[in-house]
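Chain and residue survey
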Amino acid sequence: MREYFPKSSEISKDVYKQVKAILEGHDRLKQERLNIMYGSGKDMAGLPRRNVPSDPTRDKAIRLSYINERLDGIGQACISMRAWLGDKVSGEFSPVKAFWSYGYFSSQHKGGPCRRTWNNFKYRFAALIAYNLNIF
């Protein structure tokens, strides 16, 4: 299916695609953050060593900072979208799930929205994430 993109756009198509790629990795980022924080790291045995002395704590801190920045940007956009939709959605509405599934969006949305409404939601959500992550 062809991807919807409005003519009067706040973000460009390539930024929209970057946000889409970030959202694809959302669950992976959450799992990686948990692995870093609670020590369920990967075994490094058998991998080639660097000539530079390693600082695993610093490396974890840098990686964790990057992951937290991404997840916080998505989280802030989720809060904004829930506030924007207000009483139009029911229950524990997840904007990330709604971004990927029209079925989920229409089941959580009161009034039976059309695909155009879903596409407008996706674009607005992507624009908020892009602004939160400064990639616009």
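Refer to the structure presented above.
It should be emphasised that the depicted structure is a prediction, and the values quoted were computed from it without experimental measurement. Every chain is numbered on its own, with residues counted from 1 as its sequence reads. It should be noted that, the model being predicted, local features are given only for residues of pLDDT at least 70 and side-chain atom pairs only at 80 or more, the latter also being counted only at that level, while totals for whole chains, interfaces and linings use all residues. The side-chain quantities take in all heavy atoms of the structure and omit both hydrogens and water.

On to the nonpolar core. In this text, buried Ala, Val, Leu, Ile, Met, Phe, Trp, Tyr and Cys residues form a nonpolar core when linked through side-chain atoms within 4.5 Å. Remark: exposure states derive from per-residue accessible area (1.4 Å probe, protein chains only) relative to the maximum for the residue type, with buried under 20%, exposed over 50%, and partly exposed in between. Core analysis: the largest hydrophobic core is formed by 28 residues, its most contacted members being Ile11, Leu23, Phe93, Phe121, Phe125 and Ile129. Elements that contribute at least two residues to this core include exactly α1 (13-24), α3 (56-85), α4 (95-100), α5 (102-108) and α6 (115-132). Segments assigned H or I by DSSP are reported as helices when at least four residues long, segments assigned E as strands when at least two residues long, and all are numbered from the N terminus. Considering every element that reaches this core, the biggest residue donor is α6, with eight residues. Residue contacts follow a heavy-atom distance rule, with two residues in contact if any of their heavy atoms lie within 4.5 Å. Discounting chain neighbours no more than four positions away, the residues touching Phe121 are Met81, Leu85, Phe93, Pro95, Ala98, Phe99 and Phe105. One finds Leu29, Ile36, Leu64 and Leu71 within the second-largest nonpolar core, a separate group that totals five residues.

Even without being a glycine, Asn134 presents a positive backbone phi close to 55 degrees. Here Asn134 shows up in the segment after α6.

Right, let's talk about α3 for a bit. With 30 residues, α3 extends 43 Å between its outermost C-alpha atoms, agreeing within 8% with the 44 Å of an ideal straight helix rising 1.5 Å per residue. Turning to α3, its buried residues are Leu64, Ile67, Arg70, Leu71, Gly73, Ile74, Ala77, Cys78, Met81 and Leu85. Gly86 lies just past α3 and shows a positive phi near 55 degrees. By this rule, a helix spans an expected 1.5 Å times one less than how many residues it contains.

Working convention: axes come from line fits to C-alpha atoms, limited for helices to the stretch in contact. Angles between N-to-C directions cover 0 to 180 degrees. For the pair helix α2 (residues 26-37) and α3, the least separation of the axes is 10 Å and the interaxial angle reads 140 degrees. The orientation of α2 relative to α3 falls into the category oblique. The chirality of how α2 crosses α3 is left-handed. The residues of α3 that touch α2, namely those facing His26, Arg28, Leu29, Lys30, Glu32, Arg33, Ile36 and Met37, are Lys60, Arg63, Leu64, Ile67, Asn68, Arg70, Leu71 and Ile74. Gly is placed with the polar residues, together with every amino acid not listed as nonpolar (Ala, Val, Leu, Ile, Met, Phe, Trp, Tyr, Cys and Pro) or charged (Asp, Glu, Lys and Arg). Among the residues making up the contact of α2 with α3, the classes are represented as seven nonpolar, two polar and seven charged. Orientation is classified from the angle alone, with under 35 degrees giving roughly parallel, over 145 giving roughly antiparallel, 65 to 115 giving roughly perpendicular, and any other angle giving oblique. For a crossing to be left-handed, the near helix must be turned anticlockwise from the far one by less than a right angle; the clockwise case is right-handed.

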